[in-house]
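These are the residues of each chain, in order.
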Number of protein chains: 2
Amino acid sequence: MSYVTYLESALDGTHLPADRVQTLHNDRPLWVRYDLAAVGRAMTKEAVSRRPPTMWRYRELLPPADDHSIVSLGEGMTPLLPCARLGEQFGLRQVWVKDESQLPTGSFKSRGLAMAISMARQFGITRVAIPTAGNAGGAMAAYAARAGMEAFVFMPHDTPAINQYECHLAGAKTFLVDGLITDCGRLVREGKEALGWFDLSTLKEPYRIEGKKTMGLELAEQFEWRLPEVILYPTGGGTGLIGMCKAFDELAQLGWLADERRPRMVAVQSDGCAPIVRAFESGQRFAEPFAGAATVASGIRVPAAVGDFMILDAVRASGGCAVAVEEPRIREWMRLAARLEGIAVCPEAAACVGALERLSASGWIKPDERVVIFNTGAAQKYPEAMQVELPRIAKGERVDWRQLASG
Amino acid sequence: MSYVTYLESALDGTHLPADRVQTLHNDRPLWVRYDLAAVGRAMTKEAVSRRPPTMWRYRELLPPADDHSIVSLGEGMTPLLPCARLGEQFGLRQVWVKDESQLPTGSFKSRGLAMAISMARQFGITRVAIPTAGNAGGAMAAYAARAGMEAFVFMPHDTPAINQYECHLAGAKTFLVDGLITDCGRLVREGKEALGWFDLSTLKEPYRIEGKKTMGLELAEQFEWRLPEVILYPTGGGTGLIGMCKAFDELAQLGWLADERRPRMVAVQSDGCAPIVRAFESGQRFAEPFAGAATVASGIRVPAAVGDFMILDAVRASGGCAVAVEEPRIREWMRLAARLEGIAVCPEAAACVGALERLSASGWIKPDERVVIFNTGAAQKYPEAMQVELPRIAKGERVDWRQLASG
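My aim in this report is to walk through the structure given alongside it, one point at a time. (Residues numbered from 1 in each chain as written. Chains lettered and ligands numbered in written order. Predicted model: local features only at pLDDT ≥ 70, side-chain atom pairs only at ≥ 80, totals over all residues. Heavy atoms only, no water.)

Focus on the side chain of Lys246(A)
Residues and elements named next belong to chain A.
1) Next: Secondary-structure assignment places Lys 246 in helix 9 (residues 239-254).
2) Next: Relative accessible area serves as the criterion here: at 3%, Lys 246 is assigned to the buried category.
3) Next: Residues within four places of Lys 246 in sequence aside, it is in contact with Trp 31, Val 32, Arg 33, Tyr 34, Glu 210 and Lys 213. (Helix = DSSP H or I, 4+ residues; strand = E, 2+ residues; numbered from the N terminus. Buried < 20%, exposed > 50% of the residue type's maximum accessible area, 1.4 Å probe, protein only. Contact = heavy atoms within 4.5 Å.)

As structure tokens, this is what we get:
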């Protein structure tokens, strides 16, 4: 039994029934709406706190009609790691990293795809396809395999190698496309007619966002329902940012939040691909496609996002901002976070460290504000960004220990 | 306050005090012993079940004297994933994968190194070194960084690239050695004199095993204190296998287990490096070094293990066995598990899938026995084992959808 009442067009508010497969409405995404009064009667904070620590503990706020639909690889609550040294580096006293790399397939994409695949199973779908710039393909392939579905993945030819391999390993038919994720998206649209697959593109079905929403639900619970002041979120398709704001709205309506304050949401991009930042700065609600998109942070190499207006609305409503950081410094921020805190942040999260540097220096973030950075995936999935030539010790070599220690 | 009473030589039973730094005794490892009667009075199953779902929930059975010593990256309880399709493949009805890839740094090594580094901090150690064949280096570097310690890592020159990069990313001084992990171990011993680092080699300090022990504690709790019949464990240094058996012993003494039965422990190796299997088959208690060790499963490329007799004792006492699987089939078993279950098992765990095939075919594992495979790390950390050339779609290419679907 689900508490979903209907789906609602994010652009014009049109209601659509939730008891059948839905995709976009007038080419724009749909929200999933719940009977929150009934949810509030059925679920208490105390009950939630006693449930298993997975994203499914917020069951009544999630769309599956039947637990048997749920396709799971054990999506645990991810740790919220205090980062005193990283904060200190920028004169901040309360910085956390929410480490999404500890999810199945090593990235936050598991949340959205676990939900999307579960709902696809609920509706009897057996063939799915996705365009992906990075980790979404691996997550989709894994959950599709777990559900016994046939899966197709289209990724830019220069997607990190591990993302390519993990899709193939899990049995997805995987293709490298000369182009960007937008070109991959076009192929998924074209193939749909011929092959009848279901399109799992970001926001093109309503449920991935409900999976990503659990980041916000967890964060609220981990902060004992008193939300942090600032959230730095690497923004490609933006589902996570949108999903978290939706989570906060729903929690507010349930009366679960300790106060009225909401985090200022910061959409972080690289200056190598910053369509949302440009639109934010020029006061637009819709973003122009970003020409020549190039960044080592493959997950935010998204030159055009179908949910652009949803991201920009959410950022503005929160009193947040959109920040583009210097592409050439991303590796430096990866090292900084890893060396100070032992957290192998991915390039996308490293961009957030850059935003932390910028926004603390400018005074936009105050020293005592509680700040959360999302580490959306494991650095280990980005050998291209980590690559290094290490010193070698030959067989029988007489090691100069002092030099070794200082080197 | 810790419940540790003393350390005990695993070979001759000598007692050593636990209130100072200890390494080996007569070149052989030490057990950590507890006042289990006091532990039993201080900790109940019910209390444990209400604690946060991390490896630290078994606090009284763990060595840190002070919570402030604990160095954590959020080591969550790892999921125990039912694998009906994988089991069915081999005529088995109850197969699970315990997915250790969802730990920090993407491998089970986090458990041991979180504990070893915590204890090193407790004793005021500030410089640590480790020889590693794979994931231990990355885990050590991460926890050392988290603790603010200086770290040195020595790894065979052909260790998977990601393991090399992750150590460097976290700031460890990392060296590639022409040779195997045993050669790396020699360098760590030699450098100790000159540089005064603490040697975190497998079993050369008593606490990594206490971290690995939590795999057994979790497993027992997840099976509601009724242990499974068979555990398949990829065996390099063997700390995990030894640690789990120690966990089961301690739980038995606490009276927490539902019955007397213990899992039959299966030490799984590749026939490219099978010293433990050879010793097991020839009835030896100590293993001869394995010449020409070569396997894609880098974590079990350990030609000589300091805890050989502890592994062999534990396997034999449990009624288990040691199995070497065909090296050339490891990639096939990786694909099998990933495609049937959506779990990206590492090459070491794939070897366990091979053992499952062998032992079910021979009847050693019965159809209704409960079997657990440990996925000790994320396949994503092994690009060398996953590598594949994917089909490419050129710009403007007219796609033949039917061919694409069948290809």
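Some words on the sheet that holds strand 1 (residues 4-9) of chain B
Residue and element names in this part refer to chain B.
1) Next: Reading across from one edge, 2-1-3 is the order of the 3 strands in this open sheet, with antiparallel pairing throughout. Pairing within the sheet leaves two strands with one partner each, and these edge strands are strand 2 (15-16) and strand 3 (30-34).
2) Next: Where strand 1 and strand 3 come together, 5 bridges link them in antiparallel fashion. Bridging from a neighbouring strand, Tyr 6 pairs with Arg 33 of strand 3. (Pairing = 2+ DSSP bridges.)

Side note on unusual backbone geometry
All names here are of chain A.
1) Next: At Asn 26, a position not held by glycine, the phi torsion is positive, near 50 degrees.
2) Next: Note on placement: Asn 26 falls in the loop between strand 2 (15-16) and strand 3 (30-34).
3) Next: A residue is classified by how much of its surface remains accessible, and Asn 26, at 59% relative accessible area, is exposed.
4) Next: One non-glycine residue with positive phi stands out, namely Asp 27, at about 65 degrees.
5) Next: Along the chain, Asp 27 turns up in the loop between strand 2 and strand 3.

Some thoughts on the pattern of salt bridges
1) Next: All chains considered together, the criterion is met by 64 salt bridges over all chains.
2) Next: Between Arg392(B) and Asp178(A) there is a salt bridge whose closest N-O contact spans 2.7 Å. Placement of the pair is Arg392(B) in strand 14 (residues 392-393) and Asp178(A) in the loop between strand 8 (173-177) and helix 7 (181-195), with the two residues belonging to separate chains.
3) Next: Among the ionic pairs, Glu357(A) bridges to Arg329(A), the shortest N-O distance being 2.9 Å. Here Glu357(A) is found in helix 13 (residues 347-361), whereas its partner Arg329(A) is found in the loop between strand 12 (321-325) and helix 12 (330-341), with 28 residues between them in sequence.
4) Next: Residue Glu357(A) is classed as partly exposed on the basis of its relative accessible area of 24%. (Salt bridge = Lys/Arg side-chain N within 4 Å of Asp/Glu carboxyl O.)

Points about the layout of surface pockets
1) Next: Roughly 1800 Å³ of internal volume is contained in the largest pocket.
2) Next: Along its surface, the largest pocket is lined by 49 residues, and Pro52(A), Pro53(A), Pro52(B), Pro53(B) and Thr54(B) are the ones closest to its centre.
3) Next: Considered class by class, the residues forming the lining of the largest pocket number 18 nonpolar, 16 polar and 15 charged. (1 Å grid on protein atoms, 1.4 Å probe; cavity = no way out; pocket = protein on both sides within 12 Å on 5 of 7 lines; lining within 4 Å. Points joined across faces, edges and corners; volume = space filled by probe spheres on them. Nonpolar A, V, L, I, M, F, W, Y, C, P; charged D, E, K, R; others polar.)

Section: the interface of chain B and chain A
1) Next: Between chain B and chain A, the contact holds 71 residues from the first and 72 residues from the second.
2) Next: Interface of chain B and chain A: buried area, both sides summed, is about 6100 Å²; carbon and sulfur atoms make up 63% of it.
3) Next: One can count 4 salt bridges joining chain B with chain A.
4) Next: The salt bridge partner of Arg146(B) is Glu341(A), with a shortest N-O separation of 2.8 Å.
5) Next: For the interface between chain B and chain A, the tally reads 28 residue pairs in polar contact (both at pLDDT 80 or more). (Buried area = accessible area lost by both parts, 1.4 Å probe. Polar contact = N/O pair within 3.5 Å; in protein donor to acceptor, adjacent residues only side chain to side chain.)

Some thoughts on empty space enclosed by the protein
1) Next: Overall, the coordinates contain 6 cavities of 30 Å³ or more when judged by the stated rule.
2) Next: Empty space within the largest cavity amounts to approximately 310 Å³.
3) Next: Lining the largest cavity are 29 residues, with Ser101(A), Gly106(A), Ser101(B), Gly106(B) and Ala378(B) sitting closest to its centre.
4) Next: Within the lining of the largest cavity, the residues separate by chemical class into 12 nonpolar, 13 polar and 4 charged.
5) Next: Within this model, the second largest cavity holds a volume of roughly 140 Å³.
6) Next: In this structure, the second largest cavity is lined by 18 residues; those nearest its centre are Phe108(B), Lys109(B), Pro234(B), Gly236(B) and Gly299(B).

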